[in-house]
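Residue-level structural notes
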Amino acid sequence: GSTKRVLGLLEELAETRQEDYAKFWAEFGQVLKEGIGEDSANRERIAKLLRFVSTASEGKPTVSLADYVARMKTGQKAIYYVTADTLEAARSSPHLEVFRKKGVEVLLLTDRIDEWMLTFLTEFDGKPLTSVAKGDLDLGELADAAEKEQQQKVADEYKDLVAKVKA
């Protein structure tokens, strides 16, 4: 009962008094991240309270997962993140280059607990959380017309070679 009451108060604080919630987050954010793994019954409610830095924010953890999902590009199927030891290392990750070109927001995770938390928080609002550093990213849905035309041109050009390799 106490947990539900505290979560309700935190949700209200996050919605109505964002500056006060930012102060709370600075002090207790890591504890909330622990809650993702420790309290599976309230995982969704806690996930809504999480705040992150992203490529679209100015260095302070103000981006909620709900904000991220609301800003997702048409055709984007996942919530993208990159983990690093420092914010500067995360911002300068070479993995972000393609996402910058496509205008896709990426969460920058720099707390030690983030990777552990992500073992428990694998999706939010039906969208999987996907690392930009773990390869096998399908960004085809986000390609514009010029990119799709270029890809088709290259595919046609090397069609014979691909057929020989597959044979």
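Look up: the structure comes first, before these words.
Report on the accompanying structure. Computed from a prediction, not measured in an experiment: that's the story for all the values here.

Helix α2 (residues 18-38) packs onto helix α1 (residues 2-16) with a crossing angle of 135° between their chain directions and a minimal axis gap of 8 Å. Classified by the angle between their axes, α1 and α2 sit oblique to one another. Considering how the two elements wind past one another, α1 and α2 form a crossing that is left-handed. Together, L10, L13, A14, E15 and T16 of α1 and Q18, D20, Y21, F24 and L32 of α2 make up the contact between the two elements.

This brings us to the pattern of salt bridges. Applying the stated criterion across every chain yields a total of 6 salt bridges. For the salt bridge of R45 with E11, the shortest nitrogen-to-oxygen distance reads 2.9 Å. With a gap of 34 residues between them, R45 in helix α3 (residues 43-49) and E11 in helix α1 connect regions that are remote in the sequence. We classify R45 as partly exposed; its relative accessible area is 26%. When the shortest N-O distance is used, the salt bridge between K33 and D114 registers 2.7 Å. Within this pair, whereas K33 is found in helix α2, its partner D114 is found in helix α7 (residues 114-118), the two being separated by 81 residues in sequence. Side by side, K33 and D114 carry an identical accessibility label, which is buried. What emerges from the salt-bridge pattern is a single network uniting K33, D111 and D114.

Another aspect to go through is the pairing of strand β5 (residues 127-131). For a regular strand, side-chain orientation follows a simple rule: the groups alternate between the two sheet faces. Bridging between strand β2 (residues 79-83) and β5 involves 3 bridges; their strand directions are parallel. When the sheet's bridge partners are listed, Y81 is paired in β5 with S131. Taken together, the 2 bridges between strand β4 (residues 123-124) and β5 define a ladder with antiparallel strand orientation. Its bridge partner lying in β5, E123 is registered against P128. Hairpin connection, β4 to β5: the antiparallel pair is bridged by 2 residues, and D125 has positive phi, about 55°.

Turning our attention to the side chain of S57. Considering the arrangement of structural elements, one finds S57 in the loop between β1 (53-54) and α4 (65-70). On the accessibility criterion, S57 (11% relative accessible area) is buried. A distance of 2.9 Å separates the side chain of S57 from the backbone nitrogen of S54, its partner in a polar contact. Sequence-distant contacts of S57, defined by excluding residues within four places in its chain, comprise T62, V63 and R91.

Here K33 falls in the buried class, since its relative accessible area comes to 3%. At 2.7 Å, the side chain of K33 forms a polar contact with the side chain of D114. For K33, the residues in contact, after removing those within four places along its chain, are W25, L50, F52, D111, I113, D114, W116 and M117.

Taken as a whole, this structure holds 4 aromatic pairs when the rule is applied. Taken together, the aromatic side chains of Y21, F24 and F28 make up a single cluster linked through ring pairs.

So, how was this worked out
- Positions within a chain are numbered from 1, following the residues in the order the chain's sequence is written.
- Totals for whole chains, interfaces and linings use every residue, but because this is a predicted model, local features are given only for residues with pLDDT of at least 70 and side-chain atom pairs only at 80 or more, for both listing and counting.
- To obtain the side-chain values, all non-hydrogen atoms of the structure were included, while hydrogens and water were left out.
- Here an axis means a line fitted to C-alpha atoms, over the contact stretch when the element is a helix, while the angle between two N-to-C directions is reported on a 0 to 180 degree scale.
- In DSSP terms, a helix is any run of H or I states spanning at least four residues, a strand is any run of E spanning at least two, and both are numbered starting from the N terminus.
- Should an angle lie under 35 degrees it is considered roughly parallel, over 145 roughly antiparallel, and from 65 to 115 roughly perpendicular; all remaining angles are considered oblique.
- Note on convention: the crossing is left-handed when the near helix lies turned anticlockwise from the far helix by less than a right angle, right-handed when the turn is clockwise.
- Here a residue-residue contact requires only that any non-hydrogen atoms of the pair lie within 4.5 Å.
- Put simply, a salt bridge is a Lys or Arg side-chain nitrogen that is within 4 Å of an Asp or Glu carboxyl oxygen.
- Exposed residues in this analysis have more than 50% of their type's maximum accessible area, buried residues have under 20%, and partly exposed residues fall in between, with area computed by a 1.4 Å probe over protein chains only.
- One bridge is not enough; two strands pair if DSSP finds at least two bridges between them.
- N or O atoms within 3.5 Å of each other form a polar contact, as long as, within protein, one can give a hydrogen and the other can take it, and as long as residues adjacent in sequence are counted only when both atoms are side-chain atoms.
- Planes of paired rings set the category: under 30 degrees apart is stacked, over 60 is edge-to-face and the rest tilted, where pairs are Phe, Tyr or Trp rings (Trp by its six-membered ring) whose centres lie within 6.5 Å.

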